[in-house]
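Chain by chain, the residues:
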Amino acid sequence: MEMMDLKIKEIARAAGGSLVLGRGAEDDTCVTSAVLDSRKAEEGCVFFATVGERVDGHRFIADVSAKGAALVVTQKTPEQVEAEHGVRASEWGSYLLVEDTLQALRNIAEAYRRKLSVKVVGITGSVGKTSTKEFIAGVLAQRYRVLKTEGNFNNEIGVPLTLLRIRPEHEVAVVEMGISDFGEMHRLSKMARPDIIVMTNIGQSHLETLRDREGILRAKSEIFDFMAPDGEICLNGGDDKLSELTDVKGHAPHFFGLGENPGEEVSASDIESRGLWGSDATLVFREPSGRTGDETAHAGGKISVHIPLPGLHMVRNAAAAACVGRLLGLTSEEIAAGVGSVAPVSGRNNLVRLDRYTVIDDCYNANPISMKAAIDLLSMADTQKVAILGDMFDLGENSHRLHAQIGEYAAGAGLQRLFCVGEESRHTYEAARKAGGVGEILYFSAREELLEHLEQPENAFPEGSTILVKASHGMEFPKVVELLSQKGGRS
């Protein structure tokens, strides 16, 4: 069993609080893993008992102790847990009593990160973080032992859990970092202490809290607060906000992109779309950024690559990965192999090929930039094109206008059908109808209403259709993908 390089006494020192050892336990024992989900508890793990909106993890302390957990971090005393959940103190093993379990998690992750010599690549931005993470991890895995963020573990719970998954044998950790308010990225950066920072773009997300793009830039820029002194920064040269960052705390950024900015050190050219099946391109390198040697991707070098994920934005993500790969000394051949190895992530531009039609499952989340990119992707299909678009959340006072803009954009994309779902998407529907150009436009006030419509045999989509499904996470559109998959038949 893989062991973390973290002992019980180090956990107690980092988190503070009161440590109570169970019978026969020793405080210099290394734990095996860190979990919040009691179902994932294993022998030797540290279990963080947290109070969630629906479930109080303290009720499972006896269960994880029975599985052999080495330590439980709790913000409730045994007496409190017994009174609330009937879990007797005699059923507990070793435990650490703290004021706030989640704060203890963050403190422990920060202390653990400081012990490790691993290079951390921190990725943030309004759109494209997960896909960029996959490209960077795929490239770096050609030479290094890499750990990457799993799923959507990119917030103040997910980032510390990701850091606590790092093992001594890992050489690079690729960590996705997402926020929705000021101060969050400061805390994430304090834990992760990134050596390389990648920013994908500054878009229009979480406007309810961050107000405008200037606010988004300020909030995202908190990632620089705890960057390594000799750290490197990779920025999207095609983003008007990021391209203005010529000096960040004495660091000159490295820019990547599609050739929009003459300062790009890694740019993509000769881009040839393969439709929904990706793109071919040439990645061009200029300025060695302090790195020399014939074997690394250096100034004047070019790489022919196949990007297996569709859309121009994926080409940009590949350029970001190449920028990081060059900084860490990879060869042109390694970068090309890594770019070509990337596979889609469920809910993000994932092509679901069915017997009757193809579904573009892009329903993990949505904002105006990613929604337009998804529509662009759908427009590449050479079949009947159907878009099922739901509400985009957290857009603040401009939500009506931004949804209407999506309707106008969709109307000009050559779609045969457009389904708009949700309260805010009424503005998408009305704008698309006004603009014209779509054969059929339907509006559904809620997801369940849409599902009822799709259940009817007479409403089945024609064979060979390509169907985009996209909305913010809270719309729960994976249920739409699930129904379409049932109706379409698995190949």
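Attention in this report is confined to the structure presented alongside it. All of these numbers come straight from a predicted model, not from anything done at the bench.

**Quick notes on the overall build of the chain**
Helix and strand content of the chain: 16 helices and 20 strands. With respect to the three principal axes, the spread of C-alpha positions in the chain is 70 × 60 × 45 Å. Partitioning the contacts of the chain with sequence separation of at least 6, the portion at a separation of at least 24 is 67%. For the chain, the computed accessible surface area is about 20,400 Å², with 45% contributed by carbon and sulfur atoms. Measuring between centres, the 53 positive side-chain charges of the chain sit 1 Å from its 71 negative side-chain charges.

**Points about the sheet that holds strand E15 (residues 350-353)**
Pairing is mixed across the open sheet formed by six strands, whose spatial order is E15-E16-E20-E17-E18-E19. The open sheet is flanked by E15 and strand E19 (440-444), the only strands paired with a single partner. Averaged over neighbouring strand pairs, the angle between their axes works out to 15° when direction is ignored. Inspection of the sheet shows strand E16 (residues 358-361) paired to strand E20 (residues 466-470) by four bridges, in the parallel sense. Residue pairing across strands places Val 359 opposite Ile 467, the latter belonging to E20.

**With respect to the sheet that holds strand E8 (residues 172-176)**
Spatial ordering of the open sheet is given by E7-E8-E6-E9-E10-E11-E12-E13-E14, a layout of nine strands whose pairing is mixed. Since the sheet does not close on itself, it has two edges, and those belong to strand E7 (146-148) and strand E14 (302-307), each with one partner. Averaged over all adjacent pairs, the angle separating strand axes in this sheet is 20°, with direction ignored. As judged from the four bridges shared by strand E6 (residues 119-124) and strand E9 (residues 196-199), these two strands associate in the parallel manner. What sits directly across from Ile 123, in E9, is Val 198.

**Overview of the packing of helix H12 (residues 368-379) against helix H13 (residues 399-411)**
The interhelical angle for the contact between H12 and H13, taken along N-to-C directions, is 15°, at an axis separation of 10 Å. Between H12 and H13, the angle is such that the two are roughly parallel. Crossing of H12 against H13: the hand is right-handed. Here Pro 368, Met 371, Lys 372, Ile 375 and Asp 376 of H12 come into contact with H13, specifically with Leu 402, Gln 405, Ile 406, Tyr 409 and Ala 410.

**Re the packing of helix H15 (residues 447-455) against helix H16 (residues 478-488)**
The contact between H15 and H16 brings their axes to 10 Å, and the two run at 5°. For the element pair H15 / H16, the angle class is roughly parallel. Of H16, the residues touching H15 (which contributes Arg 447, Leu 450, Leu 451, Leu 454 and Glu 455) are Lys 479, Val 480, Leu 483, Leu 484 and Lys 487. By residue class, the composition of the contact of H15 with H16 is six nonpolar, no polar and four charged.

**Points about the pairing of E19**
Each regular strand displays side chains that alternate between the two surfaces of the sheet. Sheet topology note: the strand E18 (residues 417-421)/E19 ladder contains five bridges and is parallel. Across the sheet, the residue bridging to Phe 419 is Leu 442, located in E19.

**Here's the deal with the nonpolar core**
Leu 164 and Leu 418 are the most contacted members of the largest nonpolar core, which has 82 residues in total. Leaving out residues up to four positions away in the same chain, Leu 418 has contacts with Ala 387, Leu 389, Ala 410, Ala 432, Val 438, Glu 440, Ile 441 and Leu 442. Leu 283, Ile 307, Val 324 and Leu 327 belong to the second largest nonpolar core, which has 38 residues in total.

**Things to note about the pattern of salt bridges**
Taken as a whole and judged by the stated rule, the model has 31 salt bridges. The residue Glu 272 makes a salt bridge to Arg 274 at a minimum N-O spacing of 3.3 Å. The partner of Arg 274 in a salt bridge is Asp 280, and the shortest N-O contact between them spans 2.7 Å. Owing to a relative accessible area of 39%, Arg 274 belongs among the partly exposed residues under this scheme. Several salt bridges share partner residues, and in doing so they unite Glu 110, Arg 114, Lys 190 and Arg 193 into one network.

**Notes on helix H4 (residues 101-115)**
The terminal C-alpha atoms of H4 lie 21 Å apart, and with 15 residues this matches the ideal 21 Å at 1.5 Å per residue to within 8%. Each element contacted by the buried residues of H4 is listed here: helix H1 (8-15), strand E3 (46-48), strand E4 (71-74), E6, helix H6 (158-163) and helix H7 (184-192). Structurally, the start of H4 carries an N-cap: the backbone nitrogen of Leu 102 is 2.9 Å from a side-chain oxygen of Asp 100.

Rules and cut-offs
- Residues numbered from 1 in each chain as written.
- Predicted model: local features only at pLDDT ≥ 70, side-chain atom pairs only at ≥ 80, totals over all residues.
- Heavy atoms only, no water.
- Helix = DSSP H or I, 4+ residues; strand = E, 2+ residues; numbered from the N terminus.
- Contact = heavy atoms within 4.5 Å.
- Areas by Shrake-Rupley, 256 points an atom, 1.4 Å probe, with all protein chains shown as cover.
- Lys, Arg positive; Asp, Glu negative; His and termini not counted.
- Charge placed at Lys NZ, Arg CZ, Asp CG, Glu CD.
- Pairing = 2+ DSSP bridges.
- Axes fitted to C-alpha atoms, helices over the stretch in contact; angles between N-to-C directions.
- Parallel < 35°, antiparallel > 145°, perpendicular 65-115°, else oblique.
- Left-handed = near helix turned anticlockwise from the far one by under 90°.
- Nonpolar A, V, L, I, M, F, W, Y, C, P; charged D, E, K, R; others polar.
- Core = buried A, V, L, I, M, F, W, Y, C linked by side-chain atoms within 4.5 Å.
- Buried < 20%, exposed > 50% of the residue type's maximum accessible area, 1.4 Å probe, protein only.
- Salt bridge = Lys/Arg side-chain N within 4 Å of Asp/Glu carboxyl O.
- Expected span 1.5 Å × (residues − 1).
- Polar contact = N/O pair within 3.5 Å; in protein donor to acceptor, adjacent residues only side chain to side chain.

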